[in-house]
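# Understanding the architecture of this molecule
Here is what each chain is made of, one letter per residue.
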Amino acid sequence: MARLYLFAEGQTEQTFADNLIKPHLAKYNLFMHNPVLIAHAKKKGRVHWGGGRNYAPMKNDIIRFLKQDKATDAFFTTMIDLYAIHDDFPGLAEAERMRQNPFERVKFLEKKFAEDIGDLRFIPYIQLHEYEAYLFSDPTCFEYLSSGSTQEVETLQAIASQYETPELINDGLQTAPSKRIIAQFPDYGKAKSTFGPQLAERIGLQSIRGHCLHFNEWLLKLELLDRQSAIC
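Everything in this summary refers to the structure shown in the same document. (Residues numbered from 1 in each chain as written. Predicted model: local features only at pLDDT ≥ 70, side-chain atom pairs only at ≥ 80, totals over all residues. Heavy atoms only, no water.)

### With respect to the pairing of strand β6 (residues 74-81)
Here β6 lies mainly inside the structure; eight of its eight residues are buried. Burial along β6 is two-sided: the residues Ala 74, Phe 76, Thr 78 and Ile 80 and Phe 75, Thr 77, Met 79 and Asp 81 are all buried. One ladder, built from six bridges, connects strand β1 (residues 2-8) with β6; its direction is parallel. Residue pairing for β6: Ala 8 is matched across the bridge by Met 79. One ladder, built from two bridges, connects β6 with strand β7 (residues 122-123); its direction is parallel. Looking at β7, one finds that Thr 77 is bridged to Ile 123. Pairing of β6 with strand β8 (residues 126-127), which is carried by two bridges, proceeds in the parallel orientation. Across the sheet, Ile 80 pairs through a bridge with Ile 126, a residue of β8. (Buried < 20%, exposed > 50% of the residue type's maximum accessible area, 1.4 Å probe, protein only. Helix = DSSP H or I, 4+ residues; strand = E, 2+ residues; numbered from the N terminus. Pairing = 2+ DSSP bridges.)

### Re unusual backbone geometry
Put simply, Leu 128 and His 129 share a cis peptide bond, and its omega is -20 degrees. Tracing the sequence through the fold places His 129 in the loop between β8 and α5 (150-161). With a phi angle near 60 degrees, Asn 29 is a residue other than glycine that sits in the positive phi range. Examined against the element boundaries, Asn 29 turns out to sit in the loop between α1 (11-26) and β2 (30-32).

### Side note on the packing of α5 against helix α6 (residues 177-184)
Where α5 meets α6, the closest approach of the two axes is 9 Å, and the angle between their N-to-C directions is 160 degrees. One finds that α5 runs roughly antiparallel with respect to α6. The two elements α5 and α6 cross, and the hand of that crossing is right-handed. Here Glu 152, Thr 155, Leu 156 and Ile 159 of α5 come into contact with α6, specifically with Arg 180, Ile 181 and Gln 184. When the residues that make up the contact of α5 with α6 are grouped by side-chain class, the tally is three nonpolar, two polar and two charged. (Axes fitted to C-alpha atoms, helices over the stretch in contact; angles between N-to-C directions. Parallel < 35°, antiparallel > 145°, perpendicular 65-115°, else oblique. Left-handed = near helix turned anticlockwise from the far one by under 90°. Contact = heavy atoms within 4.5 Å. Nonpolar A, V, L, I, M, F, W, Y, C, P; charged D, E, K, R; others polar.)

### So, the nonpolar core
Nonpolar side chains in soluble globular proteins tend to end up buried together. Core analysis: the biggest nonpolar cluster contains 40 residues, and Phe 16, Ile 21, Phe 142 and Phe 215 have the highest contact counts within it. Within the residue set of this core, elements represented by two or more residues are β1, α1, β2, β6, α5, α8 (192-203), α9 (205-211) and α10 (213-223). Here this core gets five residues from one element, more than from any other, and that element is α1. Listed in part, the 27 residues of the second largest apolar core include Phe 76, Phe 89, Met 98 and Phe 108. (Core = buried A, V, L, I, M, F, W, Y, C linked by side-chain atoms within 4.5 Å.)

Structure follows, in structure tokens:
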């Protein structure tokens with residue numbers, strides 16, 4: 001059985017990966033260790049990003065784990081947002097010319113990320129544009145947050161219908177997926193690390209991957225890792 005270390009941007013991704021991705025990958029003979037919050041620190045009981053979300057602390061965390069576990073059946077991946085990604089990220093300036101093609105842009109950044117880490121066992125994944133895009137796969141999940149919220153849910157459904165995939169909902173400061181959700185459901189912003197994974201569970205992993213193309217491509221890579229480690 002191959003093993004996977006997952007570095008999560010925040011507690012929302014950490015719980016989502018633990019609750020939905022971990023049991024799914026077990027079906028493919030891939031054991032996922034408990035997801036790790038990348039480049040974080042605790043202060044007064046709260047989790048904070050290390051280095052203000054700078055790239056260097058993220059890279060240091062990944063390199064440290066790669067050195068600690070050098071087995072050929074150990075793999076490493078990430079769940080970080082493209083939204084508000086720090087300007088010292090590898091290839092970000094060059095990727096700016098691809099802004100009109102988000103899929104091309106994110107794949108380019110993942111390629112640069114992999115090259116900078118320099119280990120074939122590392123499979124980077126950058127979310128388009130942030131975690132909350134997954135929840136637009138089925139906005140009716142928000143009925144869980146508030147009964148009688150038909151109008152708010154319909155507003156989110158109307159937004160989702162404008163895009164080929166929820167991953168293309170843009171990354172503007174006020175129009176990113178999370179901002180659009182909070183505009184309709186303010187309580188989500190107060191406890192997104194709790195509500196985010198709960199809502200995703202109501203949607204289901206198969207529905208999310210069916211709507212989110214880049215996310216699905218990443219899962220497909222992970223599902224093949226045990227077979228890949230056997231060849232090595």
